[in-house]
Amino acid sequence: MNAAAPERGAASRAAPPTCGALFTGFFSIGISGFGGVLPWARRMIVEQRAWLTGAEFTDLLALSQFLPGGNIINLAVVLGARFRGWRGSLAALAGLLSAPLVIVSILGAIYGRFQHDPVVARTIAAVAAAASGLILSMVLKIARPLLGDPRAIAVAALACAGLVFAHLPLLLTMAVTVPLGLLLARPK
Amino acid sequence: MIQHLLSLGSIFGELSLLAVGGGNTVLPEMQRQVVSVHHWMSGADFAALFALAQASPGPNMLVATLIGWRVAGLAGAIVATLGLIVPSSVLSYAVGDLWTRWRDRPWRRRVQAGISPVTVGLIMAAAILLSEATSRSASDVAVTLAVAVVATTTRFNPLWLLAAAAVLGAFGIV
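Computed from a predicted model, the values in this text were never measured in an experiment.

To continue, consider the interface of chain B and chain A. Listed per partner, the contact involves 84 residues of chain B and 83 residues of chain A. For the side of chain B that touches chain A, the secondary structure elements donating two or more residues are helix H1 (2-18), helix H2 (27-37), helix H3 (43-55), helix H4 (63-101), helix H5 (106-134), helix H6 (138-153) and helix H7 (158-170) of chain B. Per-element accounting of the side of chain B that touches chain A gives the leading share, 22 residues, to H5(B). Of the residues belonging to the side of chain B that touches chain A, the class tally is 54 nonpolar, 23 polar and seven charged.

Dropping the structure here:
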């Protein structure tokens, strides 16, 4: 992997990346992003290959987070399409997912085979507990901007309680909380 | 078998379009469908598959692949993975250009501001339900809390925290 190049402006960008470049670029994101691929995505797209400026990347990221689905998956689709149409989307997606799919399948097969071995079971249970901790930490980080906005906290609490305590289906929970969120929103 | 594949396709296809704010928001619904509605596996099994997906590189939504595999083998893995990826990707492909054109419309910020608390609530639910499933002993709870604190207050790569937990588990320390 190259050392990070300084961020370059739009003016110095060369021709749009080919499908092959989209594949290899997103392949590098797919194999490096443990537990959170977005920082790696920024590194590859802005710093290493200069496909986008920092501001363009931030706008693309906002879109990927706004749309339903995995953020990095959406990002690959939109960026691929911007440079090379649907072929670019497919190339970026294939690059992003091929290695992780193989690795996760191997891990799954190993687990399926040895899950009743006590050492494997203990190891996976500990990793699962740690994975819960990572999600908890993610909540703490993304909830911080809501502090000081009681309406937003109420909407978040309602969405959470609908799933955890009332065991409501997600579609129903969202049908109530999304309009409520829009109604109460105070855009900055 | 066909019945399972149809169920997998429709569950993950729906989750794909409901996953506002990323894959973790649909974990509670995924868990509900897989564990409570279809009884394909226990809550602890679900948490274990999620942990494997977390420990793999790439998008953590690949837990769908593992669930599909467990339910219906290779065909199940393919159907669940495509179900989770294709609908949202088609949508992204369709609206990618519009977004740039709408850059300065005020409603765009209002929508973002309105949806973000919902996203926080859904991920909070995911954290609670997953922690419930993985907390089978006091030491499990300790691992969860320790990782939450370290991941929040430091910039360690999360993989190191998962690896540390794996070592502690393998040697029977937790």
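Bringing the domain arrangement of chain B into the picture now. Taken as a whole, chain B is organised into domain 1 (2-119) and domain 2 (135-174). Once you take the C-alpha centre of each, domain 1 of chain B and domain 2 of chain B turn out to be 25 Å apart.

This part takes up the domain arrangement of chain A. Domain assignment breaks chain A into domain 1 (10-114), domain 2 (116-146) and domain 3 (148-188). Using C-alpha coordinates to define each centre, domain 1 of chain A is positioned 25 Å away from domain 2 of chain A.

With that out of the way, let us pick up the packing of helix H7 (residues 170-184) of chain A against H5(B). Two elements in contact, H7(A) and H5(B), have axes whose closest approach is 7 Å; the angle formed by their N-to-C orientations is 135°. Overall, the two elements H7(A) and H5(B) adopt an arrangement that is oblique. As H7(A) packs across H5(B), the resulting crossing turns out to be right-handed. Of H5(B), the residues touching H7(A) (which contributes Met174(A), Thr177(A), Val178(A), Gly181(A) and Leu182(A)) are Arg110(B), Val111(B), Gly114(B), Ile115(B), Pro117(B), Val118(B) and Gly121(B). Tallied by class, the residues present in the contact of H7(A) with H5(B) amount to seven nonpolar, four polar and one charged.

Procedures and definitions
- Residues numbered from 1 in each chain as written.
- Chains lettered and ligands numbered in written order.
- Predicted model: local features only at pLDDT ≥ 70, side-chain atom pairs only at ≥ 80, totals over all residues.
- Contact = placed C-beta atoms within 7 Å.
- Helix = DSSP H or I, 4+ residues; strand = E, 2+ residues; numbered from the N terminus.
- Nonpolar A, V, L, I, M, F, W, Y, C, P; charged D, E, K, R; others polar.
- Domains from an automatic or database assignment.
- Axes fitted to C-alpha atoms, helices over the stretch in contact; angles between N-to-C directions.
- Parallel < 35°, antiparallel > 145°, perpendicular 65-115°, else oblique.
- Left-handed = near helix turned anticlockwise from the far one by under 90°.

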